[in-house]
Amino acid sequence: MSYGTAQAAGRWFHSGALRPDAAVRLFVLPHAGGSAASYARWASLFDAGVDVQIVQLPGRQDRRGEVPFTEVGAAVEALYDAVEAEWDGRPFAFFGHSMGALLAYRLTVAMQAEGGPGPCLLAVSGWAGTAHRAGPVAVGELSDEEFLDQVGQFGGLPPEVARNAELRELVLPALRADFCLLSDYRDDQARVSCPVVAYSGSGDALLAGGAMGGWSGLSEDFLGLSEFPGTHFYLYEHALPLAADLGRHLRRCAAGTAG
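Thresholds applied
Residues numbered from 1 in each chain as written. Predicted model: local features only at pLDDT ≥ 70, side-chain atom pairs only at ≥ 80, totals over all residues. Heavy atoms only, no water. Helix = DSSP H or I, 4+ residues; strand = E, 2+ residues; numbered from the N terminus. Contact = heavy atoms within 4.5 Å. Pairing = 2+ DSSP bridges. Axes fitted to C-alpha atoms, helices over the stretch in contact; angles between N-to-C directions. Salt bridge = Lys/Arg side-chain N within 4 Å of Asp/Glu carboxyl O. Buried < 20%, exposed > 50% of the residue type's maximum accessible area, 1.4 Å probe, protein only.

Asker: Looking at this structure, I do not really get the environment of Gly59. What am I missing?
Answerer: Among the structural elements, Gly59 can be located in the loop between strand E3 (50-55) and helix H1 (72-86). Spatially, the C-alpha atom of Gly59 lies 9.0 Å from that of Val171, the residues being 112 residues apart in sequence. Discounting chain neighbours no more than four positions away, the residues touching Gly59 are Arg64, Glu66, Pro68 and Ala174.

Pasting the structure below:
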């Protein structure tokens, strides 16, 4: 059963070398302002048993001409259809960082509700529903300078982009839309039936007070939280060990599904 109407104008998934014989597929969902290019090297971090598919959301790079999502429900509906159309019978998993973790989580909840194929593993990074709150002023009401200052608090925009007016014009529309999407979310603590594994930076100010530990209550099979040195975007520096740990869980996921 379709959960919505996916936008068909752009390419939803980018990948490295084609791996049609891989045992499991990994769909990677980017952070706010991120794109498929942000995770381009991920395809090379996993062995031949993992087919990495990086999600390209509307409003960036080759989909810049499309309107980006500003509401969680609309994004999840479109992602549901895109993943469903891409499904080839192999087990699959989701990994999302920050906003990508929110979308991966709600996509898993939606698939579970529909009763169709769902992920064998949900991997979340740098996001916990109870820890992320909208600011006192709506994103749409902030000036560019105020918005960039808010984003800069957790390193969400490279300095060279923030200083360059032309680059800002390219990046800001999608980034603003992503922050509107984050502000739109209302946490309901919905549980998922698949295993969940969590990752974060030990110095991430957005996740103070052990917020990532809250994932343990959202699945009967919580595989644990791994913390790496660094702040919100720790995963750029620690992509290799993160991928090694995630790959271990993916192998078990694929073996369990096959069994």
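On we go.
Asker: Help me understand the sheet that holds strand E5 (residues 121-125), please; the structure alone is not making it clear to me.
Answerer: Sheet strands line up and pair through hydrogen bonds in the backbone, either parallel or antiparallel. Taken together, 7 strands build an open sheet; the order of strands is E1-E3-E2-E4-E5-E6-E7 and the sheet is mixed. Each edge of the sheet is formed by a strand with only one pairing partner; in this case those strands are strand E1 (13-15) and strand E7 (222-228). Across the sheet, the mean angle separating the axes of adjacent strands is 20° when strand polarity is ignored. Bridge analysis of E1 against E3 gives 3 bridges, and the strand direction is antiparallel. Within E3, the residue paired with His14 across the bridge is Ile54.

Asker: Explain the pattern of salt bridges to me, please; I cannot follow it from the model alone.
Answerer: Close approach of charged atoms lets side chains of opposite charge pair. By the definition in use, this model includes 11 salt bridges. Between Asp51 and Arg90 there is a salt bridge; the shortest N-O distance is 3.2 Å. In this pair, Asp51 is assigned in strand E3 and Arg90 in the loop between H1 and strand E4 (92-97), connecting sequence segments 39 residues apart. Both residues of the pair, Asp51 and Arg90, belong to the buried class. Between Asp245 and Arg248 there is a salt bridge, and its shortest N-O distance comes to 2.5 Å. On the criterion of helical spacing, the pair formed by Asp245 and Arg248 is a turn pair, its members being 3 residues apart in helix H6 (residues 239-258). Given a relative accessible area of 16%, Asp245 falls into the buried group. Each of Arg25, Asp51, Glu86, Asp88 and Arg90 takes part in one network of salt bridges that share partners.

Nothing here speaks to function; it is geometry throughout.
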